[in-house]
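Per-entry structural report
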Amino acid sequence: GPKPMDVSTTPHEIFSADVTVLEGHSSEVFACAWSPAGSLLASGSGDSTARIWTIPDGPCGSIQSSPASGHVLKHFKGRTNEKSKDVTTLDWNGEGTLLATGSYDGQARIWSRDGELKQTLFKHKGPIFSLKWNRKGDFLLSGSVDKTAIVWDTKTWECKQQFEFHSAPTLDVDWRNNNSFATCSTDNMIYVCKIGDPRPVKTFSGHQSEVNAIKWDPTGSLLASCSDDWTAKIWSVKQDKCVYDFKEHTKEIYTIRWSPTGPGTNNPNQQLLLASASFDSSIKLWEVEKGHLLYSLAGHRY
Ligand SMILES: *[C@@H]1O[C@H](CO)[C@@H](O)[C@H](O)[C@H]1NC(C)=O
């Protein structure tokens, strides 16, 4: 087939006149997420706050200042910001009615879309780096530097089950379906876990360094992972060794995304692709059916 092209000449540049700037955070912003119900954007920052922004319809190009255009979700009591309460991760539930935030203080917090604190979930003994609702909305999953992952029952807000399989910090978690999920860690391992099961239902070993992120494909049959070992890998629960090992990046890979295409999606006739982003400053697109590199996007300079 054709050689993977460097398509560095064709990125679409967005000019500042077409950008809305959201001002208010006083420290770095770690995460942001659109509400599935629309027009609300949540952001989490090192200033110990999360913010919910109301983004009006119509063209971009304005400056919006918080708190005037939304809500400030304070992760501290009193006046001073504490570094220990960095908001590292956040996720909306499927209806867009509740926002979960994970913090460096090891607590998960549940907020209404109006910015009201509904619950504080204590049990982790270290920072939370990943937090996800399942599709059904009956469980919330958190992964922590304390090495464990916890499934929270969202009716009672009690810990349904704590999973203690990793030997080092859990960096990412991802639901496979409503009852099962995967976790990855700085211990180079990936575990597939099921609620009610005291042991991992599958162990994926093969990465030579920290596994930074994992994502199930749209049908929950393939798991993609990326690592500080410069590789992205694709796994299937039907086999122990990875299905594909993508080795073309020349530095650490810190995040990956599946395309919303292929069987079981709204675009069933378009092929399924995986995108990976690396400290080598390239984005690579992988054709999953054939297991090879399709494009290398080299427009970024750093
Ligand atoms: C999860 O639960 C939701 C709501 O009950 C359902 O629509 C969805 O199909 C379930 N997902 C899977 C993968 O079973």
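The structure displayed is predicted, hence computed values, not measured ones.

**Notes on the UniProt feature "repeat: WD" (unreviewed entry) in the protein chain**
Mapped onto the present numbering, the UniProt feature "repeat: WD" (unreviewed entry) falls on residues 22-55, 80-112, 121-162, 204-245 and 246-296. For residues 204-245, helix accounts for 0% and strand for 48%, while the C-alpha atoms at its two ends are 13 Å apart.

**Structural notes on the pattern of salt bridges**
Applying the stated rule across the entire model yields nine salt bridges. Across the pair D240 and K202 runs a salt bridge whose closest N-O atoms are separated by 2.7 Å. Residue D240 is found in the loop between strand 22 (232-236) and strand 23 (244-246), and its partner K202 is found in strand 19 (residues 202-204); the two are separated by 38 residues along the sequence. Among the ionic pairs, K290 bridges to E287, the shortest N-O distance being 3.6 Å.

**Side note on unusual backbone geometry**
Of note, W230 is a non-glycine position whose phi angle comes to about 75 degrees, a positive value. Relative to the assigned elements, W230 resides in the loop between strand 21 (222-227) and strand 22.

**So, the pairing of strand 4 (residues 40-45)**
Of all six residues making up strand 4, six are buried, and the element is well covered by its neighbours. Alternating positions in strand 4 separate into two faces, L40, A42 and G44 on one and L41, S43 and S45 on the other, with burial throughout. Pairing of strand 3 (residues 29-34) with strand 4 involves five bridges; the strand directions are antiparallel. Residue pairing for strand 4: A31 is matched across the bridge by G44. The hairpin formed by strand 3 and strand 4 contains five residues between the paired strands, and G38 there has a positive phi angle of roughly 95 degrees. Both strand 4 and strand 5 (residues 49-54) contribute to a ladder of five bridges, which runs antiparallel. Its bridge partner lying in strand 5, L40 is registered against T54.

**Details of the nonpolar core**
Residues C226, I234, F246, I256, W258, L274 and V288 are the most contacted members of the largest nonpolar core, which totals 15 residues. Each residue touching V288, except ones within four places of it in the same chain, is listed here: L222, I234, Y244, W258, L272, L273 and L274.

**Topic: the sheet that holds strand 14 (residues 149-153)**
Here we have four strands laid out as an open sheet, ordered 12-13-14-15, and antiparallel in their pairing. In this open sheet, the two edge strands, each paired with only one partner strand, are strand 12 (128-133) and strand 15 (159-163). When strand polarity is set aside, the average angle formed by the axes of neighbouring strands in this sheet is 15 degrees. With five bridges connecting them, strand 13 (residues 139-144) and strand 14 associate as antiparallel partners. Residue L141 lies in a different strand from strand 14, and its bridge partner there is V151.

**Comments concerning the site of the ligand**
Within the structure, the ligand sits among K136, N177 and N178. In the complex, the protein chains occlude 43% of the 360 Å² of accessible area that the ligand would expose alone.

Scoring rules and cut-offs
Residues numbered from 1 in each chain as written. Predicted model: local features only at pLDDT ≥ 70, side-chain atom pairs only at ≥ 80, totals over all residues. Heavy atoms only, no water. UniProt positions renumbered as here; feature names shortened; annotations may be inferred. Helix = DSSP H or I, 4+ residues; strand = E, 2+ residues; numbered from the N terminus. Salt bridge = Lys/Arg side-chain N within 4 Å of Asp/Glu carboxyl O. Buried < 20%, exposed > 50% of the residue type's maximum accessible area, 1.4 Å probe, protein only. Pairing = 2+ DSSP bridges. Core = buried A, V, L, I, M, F, W, Y, C linked by side-chain atoms within 4.5 Å. Contact = heavy atoms within 4.5 Å. Axes fitted to C-alpha atoms, helices over the stretch in contact; angles between N-to-C directions. Near = heavy atom within 4 Å. Areas by Shrake-Rupley, 256 points an atom, 1.4 Å probe, with all protein chains shown as cover.

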